[in-house]
Amino acid sequence: MSTENPNPTPEATPADAAASASAAATPEATPANPPAEAAAAATPEAPAVELPFQAEVQQVLALVINSLYTNQEVFLRELISNASDALDKARFLALTRKDVTEQQGEPGITITLDETARTLTIDDNGVGMTRDEVVQNLGTIAKSGTLEFLKANAEAAKKKEDGSALQLIGQFGVGFYAAFMVASRVDVHTRSMLPGAEPVLWRSSGAGTFSLSTGDREHPGTRIVLHLKEDAAEYTKPWRIKDIIRKYSDFVHFPIKLGDEIANRSKALWTLPKSQVTEEQHAELYHHVTSGFLGEKPLHHVHIAIDAPVQFYALLYIPEKAPPDMFQKDRQGIRLYAKRVLIMEDCDKLAPLYLRFLRGVVDSEDLSLNVSREILQENRTLSQIEQQITRQVLKSLKELAESDPEKYQAFWKEFGKVLKEGVTIDWKNKDQIAELCRFESLKTEAGKVISLRQYIEAMPEGQKEIYYITGLGRAAVERSPHLEAFRKRGYDVLFLTEPVDEWVVKSMDEFDKHRLKSVTHGDVDLGEEAEDEKKKDEAEAIESALKAVKEALGDRVKEVRASRRLTDSASCLVSAEGDPGANFERILKMMDQAPGALKESKRILELNPAHPIVKNLSKVAEREPSSERVKQWAELLHDQALLAEGVVEDPAKLVAKIQDLLTQVSSAAVTP
Ligand SMILES: Nc1ncnc2c1ncn2[C@@H]1O[C@H](COP(=O)(O)OP(=O)(O)OP(=O)(O)O)[C@@H](O)[C@H]1O
């Protein structure tokens, strides 16, 4: 759901009403994005009606009540979180529309406990809900797939007994229903700030239906009364409630009143000096802004306070695990506040795409509350904030890599492939991002990574270039014949095994003055004169093989030449310098962006002049350059080069060729 400016003009128009009435049917409707003008929605004198919960809600409720019962106390966190959001939305509406009903009193949350009646009441003077919104918000489940996810995870989470079950609740917009873990009946008295809204009373015992009637709430806001179950009487004890608030909701930047006391510190965490924010508070805010994403603590946070050229605070979190929506367009992002007022719940203009794993809050004094989403698209202040955030986050990651390499590796494992995109799109910060990149290599163990800087520092004398190989995984590149000469020389070769790497190397010609060079492209020159001479002689010695093989393969290869990169294998295929390369072409094909349009570039077949097969072939080819036998061997040298890359176009045909050859060899062996 997004809290964009719902209506920048002060007067509601018929068009608004029509638009918002249709919005009421959408699950994304929120009070700050009003789905229905109250005038169109309320039916003031209607008697109480009994309505069924959406079928999904019934199942979710059953799961919440019966399966996810450990750590019950978080129900309060969920209700406070909703109240805090409602207060944020009220502030926003009050500042952007003149026609809404004024909020009464200071914005805040009040909790009242009644031991005798065994009730807990949580009251906010936030945005409230219209009748339609009540039905929509407390009768259905907004996010699709919620039930399936809960079902799939509830049992596993329950078994773990580490609280992860409850974390599931917040993540899927079913926070409110957590009330039924502790309450046998819930009454919601609410009244929307929208013009003409009537009070509504929603009531349910969580068993299949809810009733809806005209309420008696005088002012905008929501009061939720929990009639606690017998075994939940502890939640009428002030000390218990205070504890829970301290534990989960201390960061809430509205006062939470409990009796005569304010139970939380009610200060926007991001405005505090860094040293004053505890790890627990970070965890709480993180939970709030991520809707309790899997209940994890943030892996790392970046706390920014900047005064010029634009004033803003930012408290940004990097999750422990990649959020499942990271690659979706409507993923959760960073919340944008202007002068402590939430103006957008998910603003994608605050960080570049390659930092899309960031979650958190940005708050600026320099933004007008009246900005609409369209204006934000072009907003200069926002782009200045984005630049600062980018710089600070990259700096913080660099510090993390230096101070806590293990944690950095954990970060890299989850988000490396996203961060790497930065090399290809952010020219200004390309070098800093390149510094942050990590790769496996010929010399690292599987799963271990090194930086480009570490690579350079470990280069043996004489090595000038940074060598890499691209492919679809460590296993695919590790045994590649292209690495043979490098292995022999003791040169390391970076393994670039993610699709994005192809774009990375195309955007990065060099790093710290060392050229990046693909070991599967062009010629290799490992730089020893004497070697060169020797190779030249060897190449001359296999002249006939080179010619005969080229003739046999015809147009399928660009060239057949003697290899300087093979030591053990007989043949390999390489791309000409400047050609896209086989792996890249394979990736493009998989992406299938322009089916059929992609023409594979031809490659060069290299033969190892020191290999017995090649030497023998050369001798035979001298005698009978176009014989069937020579053609057959040429085919096999080509096939075996493809096989080494894990790609054989027609395996059955290859098997037939091998069988043929074995037949000849075995016949020769039995004939004395
Ligand atoms: N105190 C409240 N005031 C106004 N609206 C509320 C209040 N409590 C709940 N709502 C509305 O009911 C909706 C459903 O609440 P619920 O806690 O089930 O999910 P959510 O808050 O949308 O998702 P999540 O818990 O993941 O943040 C909210 O999005 C909000 O629109």
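The shown structure was predicted, so the numbers you read here are calculated from the model rather than taken from an experiment. (Residues numbered from 1 in each chain as written. Predicted model: local features only at pLDDT ≥ 70, side-chain atom pairs only at ≥ 80, totals over all residues. Heavy atoms only, no water.)

1. Some details on the overall build of the chain
Piece 1. On a plain count of helices and strands, the chain comes out with 24 helices and 23 strands.
Piece 2. Taken across its 672 residues, the chain has 53% of its residues classed as buried. (Helix = DSSP H or I, 4+ residues; strand = E, 2+ residues; numbered from the N terminus. Buried < 20%, exposed > 50% of the residue type's maximum accessible area, 1.4 Å probe, protein only.)

2. Considering the environment of I613
Piece 1. As for its position among the elements, I613 is in helix 22 (residues 612–623).
Piece 2. A relative accessible area of 39% means that I613 is categorised as partly exposed.
Piece 3. Spatially, the C-alpha atom of I613 lies 9.7 Å from that of S569, the residues being 44 residues apart in sequence.

3. Focus: the packing of aromatic side chains
Aromatic ring pairs are reported here in terms of the distance separating the ring centres and the angle at which the planes meet.
Piece 1. Inspection of the entire model under this criterion finds 17 aromatic pairs.
Piece 2. Ring centres of F53 and F210 lie 5.1 Å apart, and the angle between their planes is 50 degrees; this geometry places the pair in the tilted category. Of this pair, F53 sits in the loop between strand 1 (49–52) and helix 3 (55–66) while F210 is found in strand 6 (residues 209–214), placing the two residues 157 residues apart along the sequence. F210 shares its class with F53; the two are buried.
Piece 3. Every member of this aromatic cluster is reached through a ring pair, and the members are F53, F176, Y177, F180, W202 and F210.
Piece 4. Over the ring of F584 we find K506; its NZ or CZ atom is 4.2 Å from the centre of that ring. (Phe/Tyr/Trp six-rings, centres within 6.5 Å; stacked < 30°, edge-to-face > 60°. Lys NZ or Arg CZ within 6 Å of the ring centre and 35° of its normal.)

4. Some remarks on the confidence of the model for the chain
Piece 1. Residues at a pLDDT of 70 or more form 83% of the chain, whose mean pLDDT is 83.
Piece 2. For the stretch residues 1–44, pLDDT sits under 50, and the model shows 92 contacts to residues farther than four places along the chain or on other chains.
Piece 3. Counting contacts from residues 161–167, a segment whose pLDDT is below 50, to residues more than four positions away or on other chains yields 17 contacts.
Piece 4. Confidence estimates for the predicted assembly give a pTM of 0.71 and an ipTM of 0.97. (pLDDT = per-residue confidence, 0-100. Contact = heavy atoms within 4.5 Å.)

5. Overview of the sheet that holds strand 2 (residues 109–114)
Piece 1. Across the sheet, which stays open at both edges, the 9 strands sit in the order 1-6-5-4-7-3-2-8-9 with mixed pairing between neighbours. Of all strands in the sheet, those with a lone pairing partner are strand 1 and strand 9 (261–262), marking the two edges.
Piece 2. The pairing of strand 2 with strand 3 (residues 119–124) spans 6 bridges and is classified as antiparallel. Bridging across to strand 3, D114 finds its partner in T119. (Pairing = 2+ DSSP bridges.)

6. A word on the pattern of salt bridges
Piece 1. Considering all chains together, one arrives at 34 salt bridges under this definition.
Piece 2. The salt bridge partner of D99 is R97, with a shortest N-O separation of 2.9 Å. Taken individually, D99 and R97 each receive the classification buried, so the pair is uniform in this respect.
Piece 3. Linking R453 and E435 is a salt bridge whose minimum nitrogen-to-oxygen distance equals 2.6 Å. Of this pair, R453 sits in helix 15 (residues 452–457) while E435 sits in helix 14 (residues 430–436), placing them 18 residues apart in sequence.
Piece 4. Put simply, R556, E635, D639 and K657 are held in one network by salt bridges that share partners. (Salt bridge = Lys/Arg side-chain N within 4 Å of Asp/Glu carboxyl O.)

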